[in-house]
Amino acid sequence: INALTMNGGNAATGQSADAILRADGNLSINTAGNISASGGTATASAPSATLTTADAILRGSTVNLVVGGDLDLTGGTTNITSTAGPLQSATAVASLQATTMTINVAGNVGVTGGKATAATGGNTANSSAGISSVVTLTPVIQGDLTLTGGTAVAESVAGNLAKAEATAEIHTGGDLNLRITGDVNVQGG
């Protein structure tokens, strides 16, 4: 394929507006151009027993990516308002997940957290972006690797802590062996 673009949608309280490419076995993608996945906007503004999600996720037991251009993962926007009440969750994550993963990128890799706001206690807002492999990960990147945290605001109330995350992360349960021709840039939000 030439390029792959995935964007989470706009989800209101208790809705899911996810974009997901999932294989219970192998997920192999070979592009001439870029791959980008961006979380959407998830807003919880009323009480709900259902998670509010606008995620962009590539997931497989085994993931093999050959990217002729850049690979970009960007967290979206989560907003839990003060009218939502306690114990609400909203996510707008962008992630690449596998048990076993190979990544070969001709260009740059960017992983950028979004904007997460939990405006009342007991709530969790997550607008993170990440690459996660259960076993050893050895990405081959011909350009730069840039990890940039987003913006997270958690407004706790007495007796109820709020949690907001907008991280940018590469995580593996085994070894992380970076093979990068360019620079590595890591910056908090």
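This text follows the structure it describes.
Attention here is on the structure that accompanies the text. (Residues numbered from 1 in each chain as written. Predicted model: local features only at pLDDT ≥ 70, side-chain atom pairs only at ≥ 80, totals over all residues. Heavy atoms only, no water.)

**Some details on the pattern of salt bridges**
Here comes step 1: Under the defined criterion, the tally for this structure stands at 2 salt bridges.
Here comes step 2: The salt bridge partner of Glu165 is Lys163, with a shortest N-O separation of 2.9 Å.
Here comes step 3: Residue classification places Glu165 among the partly exposed positions, given a relative accessible area of 24%.
Here comes step 4: Judged by its relative accessible area of 43%, Lys163 falls in the partly exposed class. (Salt bridge = Lys/Arg side-chain N within 4 Å of Asp/Glu carboxyl O. Buried < 20%, exposed > 50% of the residue type's maximum accessible area, 1.4 Å probe, protein only.)

**Digging into the layout of surface pockets**
Leftover empty space is mapped by rolling, across the atoms, a probe with the size of a water molecule.
Here comes step 1: In this structure, the largest pocket occupies an estimated 180 Å³ of space.
Here comes step 2: Residue lining of the largest pocket: 14 residues in total, with Ser95, Ser128, Ala129, Gly130 and Glu169 positioned closest to the centre.
Here comes step 3: Going through the elements one at a time, β11 (94-105), β15 (129-133) and β20 (168-172) are the ones with two or more residues in the lining of the largest pocket.
Here comes step 4: Sorting elements by how many residues they give to the lining of the largest pocket places β15 first, with 4 residues.
Here comes step 5: Along the lines of polarity and charge, the residues of the lining of the largest pocket split into 4 nonpolar, 8 polar and 2 charged. (1 Å grid on protein atoms, 1.4 Å probe; cavity = no way out; pocket = protein on both sides within 12 Å on 5 of 7 lines; lining within 4 Å. Points joined across faces, edges and corners; volume = space filled by probe spheres on them. Helix = DSSP H or I, 4+ residues; strand = E, 2+ residues; numbered from the N terminus. Nonpolar A, V, L, I, M, F, W, Y, C, P; charged D, E, K, R; others polar.)

**Some remarks on the pairing of strand β9 (residues 77-80)**
Here comes step 1: Burial of β9 is one-sided: the residues Thr78 and Ile80 facing one way are buried, the residues Thr77 and Asn79 facing the other way are not.
Here comes step 2: With 4 bridges connecting them, strand β5 (residues 41-44) and β9 associate as parallel partners. Counted as the bridge partner of Ala44 is Ile80 from β9.
Here comes step 3: Across 4 bridges, the pairing between β9 and strand β13 (residues 115-118) is parallel. Residue pairing across strands places Thr78 opposite Ala116, the latter belonging to β13. (Pairing = 2+ DSSP bridges.)

**Re the nonpolar core**
Here comes step 1: Counting 30 residues, the largest nonpolar core has Leu58, Leu71, Leu96 and Ile131 as its most contacted members.
Here comes step 2: The greatest single-element share of this core, amounting to 6 residues, is contributed by β11.
Here comes step 3: In this view, Leu58 contacts Leu4, Met6, Leu21, Leu27, Ile29, Ile35, Ala37, Ser95, Leu96 and Gln97; residues no more than four positions away in its chain are not counted.
Here comes step 4: If you look at the next biggest cluster of nonpolar residues, it comprises 13 residues, including Ala42, Ala44, Ala162 and Ala164. (Core = buried A, V, L, I, M, F, W, Y, C linked by side-chain atoms within 4.5 Å. Contact = heavy atoms within 4.5 Å.)

**Re the sheet that holds strand β1 (residues 4-7)**
Here comes step 1: In spatial order, the strands read β1-β4-β8-β12-β17-β22; together these 6 strands make up an open sheet with parallel pairing. Only two strands of the sheet have a single neighbouring strand rather than two, namely β1 and β22 (184-187). Along the sheet, successive strands turn relative to each other by an average axial angle of 0°, direction set aside.
Here comes step 2: Two strands pair when backbone bridges link them, and strand β4 (residues 35-38) and strand β8 (residues 71-74) are joined in this way by 4 bridges, in the parallel orientation. Note that in β8 the partner of Ser38 across the bridge is Thr74. (Axes fitted to C-alpha atoms, helices over the stretch in contact; angles between N-to-C directions.)

**Focus: unusual backbone geometry**
Here comes step 1: Although it is not a glycine, Leu87 adopts a positive phi angle of roughly 65°.
Here comes step 2: Within the secondary structure, Leu87 is located in the loop between β9 and β10 (89-91).

**Regarding the side chain of Asp55**
Here comes step 1: Of note, Asp55 is situated in the loop between β6 (52-53) and β7 (56-67).
Here comes step 2: Nearest to the buried, unbridged Asp55 among oppositely charged side chains is Arg59, at 7.0 Å.
Here comes step 3: Side-chain polar atoms of Asp55 contact the backbone nitrogen of Val93, separated by 2.9 Å.
Here comes step 4: When neighbours within four sequence positions are excluded, Asp55 is seen to be in contact with Gly8, Ala17, Asp18, Ala19, Thr91, Ala92 and Val93. (Lys, Arg positive; Asp, Glu negative; His and termini not counted. Polar contact = N/O pair within 3.5 Å; in protein donor to acceptor, adjacent residues only side chain to side chain.)

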